[in-house]
Amino acid sequence: MSRNETYVKAVGRALADAMRADERVFVIGEDVAEGGPYTTTAGLSEEFGRERVRNTPISEAAITGVAIGAAQSGMRPVLEIMYIDFLTLALDQLVNAAAKAHAMSGGQLTVPLVLRTQGGAGQRGGAQHSQSLESWLTHVPGLKVVMPSGAADAAGLMAAAILDPGPVVFVEHKALYFRREDVPETIEPIELGRARTVRTGDDVTIVATSRMVGEALAAAQELAEEGIEAEVIDPRTLVPFDLDTIVASVRRTNRLVVAHEAVVHGGFGAEVVAAVQEAAFDDLDAPIGRVGAPFAPIPFSPPLEDAYLPGRQQLVDAVRRLSVGSPSLRLPYIGAGLTSA
Amino acid sequence: MSSKPDLTWMYTQMVRIREFEERVKRTFTDHPGVIRGHTHLADGVEASIVGSVSTLREGDQVLATYRCHGYPLAMGTSADAMMAEIYGKATGLCKGIGGSMHLTDPANGFLGTSGIVGQGIPHAAGAAWAAQIRGNQDVVLSFFGDGASKQGSFHETLNVASLWKLPIVFVMENNGYNVVTQSFQEDANAAAGQDLSIKATGYAMPGVTIDGGDPVAVHEAVGAAVQRARDGEGPTLVESKVYRLSAHGNLIAPPGVPLHYPEHEAIEVFGDTEQYAAALRGDPVPRMRGRVVSEGVLTSDEAERIAQEARDEMQAAVQFGLDSPYPELDEALAYVHAS
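Residues numbered from 1 in each chain as written. Chains lettered and ligands numbered in written order. Predicted model: local features only at pLDDT ≥ 70, side-chain atom pairs only at ≥ 80, totals over all residues. Heavy atoms only, no water.

A. Seen up close, the overall build of chain B. Secondary structure summary: chain B contains 13 helices and 10 strands in total. For chain B, the spread of C-alpha atoms along the principal axes amounts to about 55 × 50 × 40 Å. Going through the 339 residues of chain B one by one, you find that 56% of them count as buried. Here the analysis covers contacts within chain B between residues at least 6 apart in sequence; of these, 74% occur between residues at least 24 apart. (Helix = DSSP H or I, 4+ residues; strand = E, 2+ residues; numbered from the N terminus. Buried < 20%, exposed > 50% of the residue type's maximum accessible area, 1.4 Å probe, protein only. Contact = heavy atoms within 4.5 Å.)

B. Seen up close, the sheet that holds strand β6 (residues 144-146) of chain A. Residues and elements named next belong to chain A. Spatially, β3-β2-β4-β5-β7-β6-β12 is the arrangement adopted by the seven strands of the open sheet, whose pairing is mixed. Because the sheet does not close on itself, it has two edges, and the strands there are β3 (53-55) and β12 (237-239). Within the sheet, the average angular offset between the axes of one strand and its neighbour, ignoring direction, is 20°. Bridge analysis of β6 against β12 gives two bridges, and the strand direction is antiparallel. What sits directly across from Val-146, in β12, is Thr-237. (Pairing = 2+ DSSP bridges. Axes fitted to C-alpha atoms, helices over the stretch in contact; angles between N-to-C directions.)

C. Focus on the interface of chain A and chain B. Tallying the contact residues gives 38 residues for chain A and 34 residues for chain B. Carbon and sulfur atoms make up 66% of the area that chain A and chain B hide from each other, which totals about 3,000 Å². Joining chain A to chain B, the criterion identifies zero salt bridges. At the boundary of chain A and chain B, one finds 11 residue pairs in polar contact (both at pLDDT 80 or more). Those elements that provide at least two residues to the side of chain A that touches chain B are β2 (25-29), β3, α3 (60-72), α4 (91-98) and α5 (101-104) of chain A. A per-element tally of the side of chain A that touches chain B places α3 of chain A first, with nine residues. For the side of chain A that touches chain B, the residue count by class is 17 nonpolar, 16 polar and five charged. (Buried area = accessible area lost by both parts, 1.4 Å probe. Salt bridge = Lys/Arg side-chain N within 4 Å of Asp/Glu carboxyl O. Polar contact = N/O pair within 3.5 Å; in protein donor to acceptor, adjacent residues only side chain to side chain. Nonpolar A, V, L, I, M, F, W, Y, C, P; charged D, E, K, R; others polar.)

D. A look at the sheet that holds strand β9 (residues 196-199) of chain A. Residue and element names in this part refer to chain A. Here we have five strands laid out as an open sheet, ordered β9-β11-β10-β13-β14, and mixed in their pairing. Both edges of this open sheet fall to β9 and β14 (289-293), since each of them pairs with a single strand only. Averaged over all neighbouring strand pairs, the angle between strand axes comes to 25°, with direction disregarded.

E. View of the side chain of His-248 of chain B. In this structure, His-248 of chain B sits in the loop between β9 (236-241) and β10 (250-252). Contacts of His-248 of chain B, omitting those with residues within four sequence positions, involve Thr-39, His-40, Tyr-66, Arg-67, Val-179 and Glu-265 of chain B.

F. Looking closely at the nonpolar core. Counting residues in each nonpolar core, the largest one holds 115 residues, and the members touching the most others are Leu-87 and Leu-94 of chain A together with Ile-168, Phe-170 and Leu-237 of chain B. When residues of this core are assigned to their parent elements, the largest contribution, 10 residues, is made by helix α7 (residues 151-163) of chain A. Taken domain by domain, this core gets at least three of its residues from each of domain 1 (2-184) and domain 2 (196-339) of chain A. Ranked by size, the runner-up nonpolar core spans 62 residues in total, among them Val-53, Ala-64, Ala-74 and Ala-81 of chain B. (Core = buried A, V, L, I, M, F, W, Y, C linked by side-chain atoms within 4.5 Å. Domains from an automatic or database assignment.)

G. Molecular detail of the packing of aromatic side chains. This model, assessed by the stated rule, comprises 14 aromatic pairs over all chains. Between the aromatic rings of Tyr-177 of chain A and Phe-178 of chain A, the centroid separation amounts to 6.4 Å while the plane-to-plane angle is 75°, which identifies the pairing as edge-to-face. Of the residues examined, Tyr-177 of chain A reaches a relative accessible area of 1% and is grouped as buried. Aromatic side chains Phe-144 of chain B and Phe-154 of chain B sit 5.6 Å apart centroid to centroid with 70° between the ring planes, which places their arrangement in the edge-to-face category. Within this pair, whereas Phe-144 of chain B is found in strand β4 (residues 140-145), its partner Phe-154 of chain B is found in helix α6 (residues 152-163), the two being separated by 10 residues in sequence. Arg-54 of chain A extends its terminal NZ or CZ atom over the ring of Trp-164 of chain B, reaching a point 4.3 Å from the ring centre. (Phe/Tyr/Trp six-rings, centres within 6.5 Å; stacked < 30°, edge-to-face > 60°. Lys NZ or Arg CZ within 6 Å of the ring centre and 35° of its normal.)

H. Expanded view of the domain arrangement of chain A. Residue and element names in this part refer to chain A. Under the domain assignment used here, chain A contains domain 1 (2-184) and domain 2 (196-339). On the side of domain 2, 24 residues touch domain 1, which itself brings 25 residues to the contact. In this structure, the connection of domain 1 to domain 2 is made through four salt bridges. Between Asp-153 and Arg-236 there is a salt bridge whose closest N-O contact spans 3.2 Å. Every element with two or more residues in the side of domain 1 that touches domain 2 is listed here: α6 (134-138), β6 and α7. Residues of the side of domain 1 that touches domain 2, tallied by class, amount to 10 nonpolar, 11 polar and four charged.

I. Looking closely at the packing of helix α1 (residues 7-21) of chain A against helix α2 (residues 44-52) of chain A. Residue and element names in this part refer to chain A. Put simply, α1 and α2 touch, their axes get as near as 11 Å, and they point 60° apart. Considering their axes alone, α1 and α2 lie oblique with respect to each other. Between α1 and α2 lies a crossing whose hand is left-handed. The segment α1 lies against α2, with Gly-12, Leu-15, Ala-16, Met-19 and Arg-20 engaging Leu-44, Glu-47, Phe-48 and Arg-52. (Parallel < 35°, antiparallel > 145°, perpendicular 65-115°, else oblique. Left-handed = near helix turned anticlockwise from the far one by under 90°.)

J. Broad picture of the pairing of strand β13 (residues 256-263) of chain A. Residues and elements named next belong to chain A. Of all eight residues that make up β13, seven are buried, and the element is covered over most of its length. Note: strand β10 (residues 204-208) against β13, four bridges, orientation parallel. Its bridge partner lying in β13, Thr-205 is registered against Leu-256. The handedness of the β13 to β14 crossover, carried by helix α10 (residues 268-280), is right-handed. (Right-handed = clockwise from strand over helix to strand, strands pointing away.)

K. Broad picture of the pattern of salt bridges. All names here are of chain B. Under the defined criterion, the tally for this structure stands at 44 salt bridges over all chains. Close ionic contact of Arg-230 with Asp-60 constitutes a salt bridge, the shortest N to O distance being 2.8 Å. A residue pair is termed long-range when its members are at least 10 positions apart, and Arg-230 in helix α9 (residues 215-230) and Asp-60 in the loop between α2 (46-53) and β2 (61-65) qualify at 170 residues. Residue Arg-230 is classed as buried on the basis of its relative accessible area of 10%. Note on Asp-60: relative accessible area 5%, which makes it buried. Residues Asp-211 and Arg-287 are paired through a salt bridge, measuring 2.9 Å at the closest nitrogen-oxygen approach. Separated by 76 residues along the polypeptide, Asp-211 in strand β8 (residues 207-211) and Arg-287 in helix α12 (residues 284-294) bring together distant segments of the chain. We classify Arg-287 as partly exposed; its relative accessible area is 38%.

Pasting the structure below:
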C-alpha cells in the first residue's frame, strides 16, 4: 500500500508517526506550529499541541543549544532550522557541542537530535536563501548527514534519523518539496548509510545527491538515446557514506561522474572522487568528472540563476566528455553552467 | 543536601575543591609532563560553587564551563576519576577523551561543560525544558562567567528561558576578568558602574548580585531562585561576585613551554598587587574555616581533621591518576557515533 504524496507531506507524515510512537519526540523551530514556510510541519500542532510542536524566537544558536540540552536529557527533539543558510548562526552548537558530546564524555552523553533544514536554489531566493552547504557538515566527525532526493526516501530516512541515537542533519531540498511520489502507507525506516541504485547501466556511473538525482535520471534518458547507458546512484546519506556500492558500480562501468548542486570547489564530490580513485584507480578508463555549481554566490536574476544551476545538460556534457576517445586532462567542470547558458 | 545550609558539609566541600585544585596546580611541578593542554582552576570560587550546589536535590542538574573541577566534586563525583581524566588516563571520568575542560558525570547530575565561552547556556535551558516536560519540579543550574554574558547565546537563551518559564537558575560567576581584560573594559554595564545582574531586566526576570565568597549568602540567594524555578515561576539571573586566585588557565603546549601567567593577571599584567592582596585577605576557604570554628559548628581540631582528610583524598587521587594507564589507542575512534 502506498499513497501518492509530496515530499513535504511525506516528511510531515514521518514526523507525525514518530511523535505518535514516542512521546519523547518534539518538534521545535521558528513558526513550526504554523507549519513553517513550506508547510512541512503543518497539522502537527493541531494533533500534538503547541507544547510538543513549539515555536521559538529567531535565535538559531539558542534553539539549537536548547535542542542539544534536551536531547542530552532524554528528549528526542526534531529541530527545524528554516534555511540551511541560517545554520551558520548555529554552527558552534552543532559542530562544537552536538557532534562532540558523545566523544568528549567518553560515551556517557548521547544527543539524539534531528536537525531538519532545507537548502538548494532555483526559486529566486538569492545568495542567502539558496545555498547547498552540506559539505561543511560532512567534515565534522560525529554528525550524520542525510540528503533525501524524493518523497519516499525522505519519509523513510526521517524515520531512521529520529531513531538514531546521535545527531543527524537532515537536508531537504526546497525545489523538491511539492514533487509527488509513491510513498509507502506504513513508513519503514531506511537504514542510514545505504545508497540506492536508482537506474542501472553499464557505460558510466553517475553519483548524484538530492535534486541532482532527478537531473541525472533525465540525463541518463537523453544519453540512452545515444546508446550510452548510465547507472545512477543516490548515496542518500553522505555520512555514513556507502562507498562500496559506488565502487562496485565503477568496477563495472569504468567511468564516473559525481554531481551535486553545491559549488564544485570543496564540495562533497571531491571526497567521492578521492575515495573512488583510491579504491578503484585501475578500473577507471577516464578521469572522474565533477558536476556542480560555479564558484560564485548564487545570483538572483532569473536568467542568471538558471544558467548558474547545474542540471541535466551539464551532466550529459560531462558524460560525453568521459565517453569520447582518450581520457582527457581537462580541468573539472567549473563554471560551464554559465558559459553554456 | 538539605534546604538549610549545612555548614560542615559546605566547609568540607570547599576544602576538598581547594585541595583538588592545589594538587592539579602542583602536578605541573611535582610531575612535569603529566598534564598537557589546558586547565582552569576554581580556587577562590569554592564558596560560590558549594553554596549553589547545596540547594539541589536528586533529579536536579548542573551544567558549567571549562572551569569545571569544583561542581562535580561537590556533587559526588569521584576525585580519582576526575584527576585521572585531567591526566588523560583510561580510568578517567570520560575515559581520557574529555580532559580538564570537559568533565561530565550525568549519573551524578553533572550534565557537562563546554570549552566555548557561553556555549553551554542554551544546553542548560534545554535540560530545563526536558525537566519542565518531566514535570517533577526538577531544576537546572547553569554556571558561566561574566565574560559569557557578552555572547549571543547568553542573551538568546535568557529570552527563551524567561518566555518559556523554564526551571533554571543562571549563575554568573563574575571574577572580574575575561582572561586578561577586566570587566569594566568590555562590559557596558560594568563600565557604567552597574551590577551585571541588571542584564536580567532586559529579559523580564529577577536579577540579584551577591557576595560569592560567602557560601551561606550564595545558598540563600540561589536557593530562593531554585525555589522560584521549582514553583514554575521561571528563571533568575544570579551574579555571584568571586575572585579566582589563580591565573585564567594553564596551557602546557608544546612540551615544556608554559603559556600561562604564573601569578594572577592582576599582578602579571596590571601590576595591581593590592587588588590581589585584598582578594587573598577575603579568601573564602579560610573565611569559612574561621566561621565554622567561631560559630561552634566545628572545633579547631575537627576542622583540621576535615582538611587533612581532603589532603589525603586528593593525594590518593593524584596517585590513582599517576598509576593509571593511558587509554588503548583505538579508544580515539570509539565514541564518534552513539550506538
